[in-house]
Amino acid sequence: AAYQKAADVGNAEACYRLAIWTAQQANGNRAEEEFKQVLSWLKQAAQQEHPEACYCMGALMEKNHPEVACKYYEIAANRQYIPGWIGWYGMENTVR
């Protein structure tokens, strides 16, 4: 309940945590509604440069939108998130 209230006012950490929690609760079921909610919370957190959310958005975008993925990974890397740096480095070599 506390994360929901914080996410409702745009708290990046709360948005990220709710996205992860919702994805875990889906337990492998790929229900479209849950995916949309996860994506919405991740986007909200990523817009505030939350490093883990940016990394997740990069991973989601990598296959179909590599340029967008590269930008998300770069933000995560610039926020000192090591997996983001690894994703960005890999994408930089692929996209160019």
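Residues numbered from 1 in each chain as written. Predicted model: local features only at pLDDT ≥ 70, side-chain atom pairs only at ≥ 80, totals over all residues. Heavy atoms only, no water.

K.L.:
Would you explain the overall build of the protein chain in this entry?
P.N.:
Across its full length, the protein chain holds six helices and zero strands. When the helices and strands of the protein chain are read in sequence order from the N terminus, they spell out α-α-α-α-α-α. Partitioning the intrachain contacts of the protein chain with sequence separation of at least 6 by distance along the chain shows that 37% fall at a separation of at least 24. Counting every atom, the protein chain has about 6,400 Å² of accessible surface; 50% of that belongs to carbon and sulfur. (Helix = DSSP H or I, 4+ residues; strand = E, 2+ residues; numbered from the N terminus. Contact = heavy atoms within 4.5 Å. Areas by Shrake-Rupley, 256 points an atom, 1.4 Å probe, with all protein chains shown as cover.)

K.L.:
Where do I start with helix 5 (residues 66-78) in this structure?
P.N.:
Counting along an α-helix, one turn takes 3.6 residues, and residues three or four places apart therefore face a common direction. With 13 residues, helix 5 ought to run about 18 Å at 1.5 Å a step, and its terminal C-alpha atoms sit 18 Å apart, in line with that. Those residues of helix 5 that fall on the buried side of the exposure criterion are Ala69, Cys70, Tyr72, Tyr73, Ala76 and Ala77. Looking straight down helix 5, one finds that the buried residues subtend no more than 165° of arc, so they occupy a single side. Exposed residues lying more than 90 degrees from the buried face of helix 5 are Lys71 and Asn78. Gln80 sits one or two positions beyond helix 5 and adopts a positive phi of about 70°. (Expected span 1.5 Å × (residues − 1). Buried < 20%, exposed > 50% of the residue type's maximum accessible area, 1.4 Å probe, protein only. Arc of directions from axis to C-beta.)

K.L.:
Where do I start with the pattern of salt bridges in this structure?
P.N.:
Side chains that differ in charge, positive against negative, can pair when their charged atoms come close. The final tally for this structure, using the stated rule, is two salt bridges. Residues Glu13 and Arg17 are paired through a salt bridge, measuring 2.7 Å at the closest nitrogen-oxygen approach. Of this pair, Glu13 and Arg17 both sit in helix 2 (residues 12-26), separated by four residues, roughly a single helical turn. The shortest N-O distance in the salt bridge between Lys36 and Glu32 comes to 3.2 Å. Of this pair, Lys36 and Glu32 both sit in helix 3 (residues 32-47), separated by four residues, roughly a single helical turn. We classify Glu32 as exposed; its relative accessible area is 55%. (Salt bridge = Lys/Arg side-chain N within 4 Å of Asp/Glu carboxyl O.)

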